[in-house]
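Coordinate analysis (summary)
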Amino acid sequence: MFDFFTYFIYLSLLTVLVFLTGYKQKLATAELVFDTKQKLRLQHFAALLIISFVVGFRYEVGVDWEGYRMDFEAIKNSPYLSFSYQYMELGFFYINKIIAQIGLSYPWMFFTVALITWYFFFKSIPNFLLPLFIFFLFVDEYFFWGMNGVRQFAAMSIWMLATRYIITKNIKKYILLLLLASLFHRSVLILLPFFFIPYYRLYKKYLWIGLFVFSLIIGSSNTFIGYIESITIYLDQKIEIVGLYVRYIDSNRLVIDKETQLGLGFLFKTMLNLFVILISGNVIKKHPKTTVYFILFFMGAILFNLSYNIQLLGRINNYFLIIRSVVLAISAWHFLQIPKYRIFIVGFCVDNPV
């Protein structure tokens, strides 16, 4: 049943966040640079506190909300529980433990994790892009997904900041940030080799279009799904991180029912992914350093075609697909500066309600 009150709360939250992060930002005259240190202003910290409060003090929102609450209560009721006797990553475990030891309740744990998560999101892109970035995180449903995949969402936010250091070629900060992200979700360590990809050589628009169409064709193949299952079992014996996800096979959760996946939403996202590939050349020509974001997103779009009914790949692919919000923000900002395209950008945004 549609909940108007919930819709009003989250729509109001989005409006407040866009207003606060966009206050006194010169969108039209801003320059897209990634080598300057990101400085948050007072209104950014106000926005961080507001979104963290709403996320932290929500009630029964998110499929895993109850599980996280029970885990917190277990830690609180077992003060001598050690890290080695539970499944959480080190950072998330000690956030739970510290919050419990100082006598606070589970909403403060959610609040703290949300504050950390959104702080890194805010630091990941230039300030003038934040309103658009936040908007697309909401309409692309990653804000809502983040209230379910709490630990991975925190890791994804740190990964988003780490991508800036791919652009600036700072391997030390990139590795340090991924190690920090792994304190929330170890799967992020899979991204360590992505620093070394020659992104600028890989931008061939028509090649990516061809790969996109081909992946869409074979993605629904039962034979392909069988290969993925076999490869996963093999990698489980070789790579510990992959082994964390093999339980999806054992619990019959590797493959998701296609009927729950295919529909207008799937069609819209598929067409949107293709559209971003088509318009990418105009943006990259003007802002070459955005190539890294576009290539990472192209990888995610192709993996999406291959994994829309495979939960294992879908979870890993979140690290790439969340970059769609970045490339959409960059593209919208780019075309808003061209008068003849402004009405289309405004129409696109208005036609994407939360």
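The structure presented is a predicted model; accordingly, all values stated were derived computationally and were not measured.

Structural notes on the overall build of the protein chain
A tally of helices and strands in the protein chain yields 19 helices and zero strands. Looking at the protein chain residue by residue over its 354 residues, the buried ones come to 51%. Restricting the contact set of the protein chain to residue pairs at least 6 apart, pairs at least 24 apart contribute 76%. By element, 67% of the accessible surface of the protein chain is carried by carbon and sulfur atoms, the whole surface being about 17700 Å².

Things to note about the pattern of salt bridges
Applying the stated rule across the entire model yields five salt bridges. Here R151 ties to E89 by a salt bridge, and the two come within 2.9 Å at their closest N and O atoms. Highlighted residues: R151 in helix α8 (residues 150-167) and E89 in the loop between α3 (65-77) and α4 (90-101), separated in sequence by 62 residues. Here K269 ties to D140 by a salt bridge, and the two come within 3.9 Å at their closest N and O atoms. A residue pair is termed long-range when its members are at least 10 positions apart, and K269 in helix α15 (residues 264-286) and D140 in the loop between α6 (130-139) and α7 (142-145) qualify at 129 residues.

Thoughts on a nonpolar patch on the surface
Side chains of F83, L90, Y94, I98 and I102 sit close together on the surface and give an oily, nonpolar patch of about 460 Å² of accessible area. Along the polypeptide, Y94 turns up in helix α4.

Topic: the confidence of the model for the protein chain
Of the residues in the protein chain, 83% have a pLDDT of 70 or more, and the chain-wide mean is 85. Model confidence for the protein chain, summarised as mean pLDDT per element, is weakest for helix α14 (residues 247-250) at 47 and strongest for helix α9 (residues 171-181) at 97. Considering only residues more than four positions removed or in separate chains, one finds that residues 248-252, a stretch of pLDDT under 50, has eight contacts.

What counts and how
- Residues numbered from 1 in each chain as written.
- Predicted model: local features only at pLDDT ≥ 70, side-chain atom pairs only at ≥ 80, totals over all residues.
- Heavy atoms only, no water.
- Helix = DSSP H or I, 4+ residues; strand = E, 2+ residues; numbered from the N terminus.
- Buried < 20%, exposed > 50% of the residue type's maximum accessible area, 1.4 Å probe, protein only.
- Contact = heavy atoms within 4.5 Å.
- Areas by Shrake-Rupley, 256 points an atom, 1.4 Å probe, with all protein chains shown as cover.
- Salt bridge = Lys/Arg side-chain N within 4 Å of Asp/Glu carboxyl O.
- Patch = residues over 30% accessible without salt bridge, like charges linked within 9 Å, V, L, I, M, F, W, Y side chains within 5 Å.
- pLDDT = per-residue confidence, 0-100.

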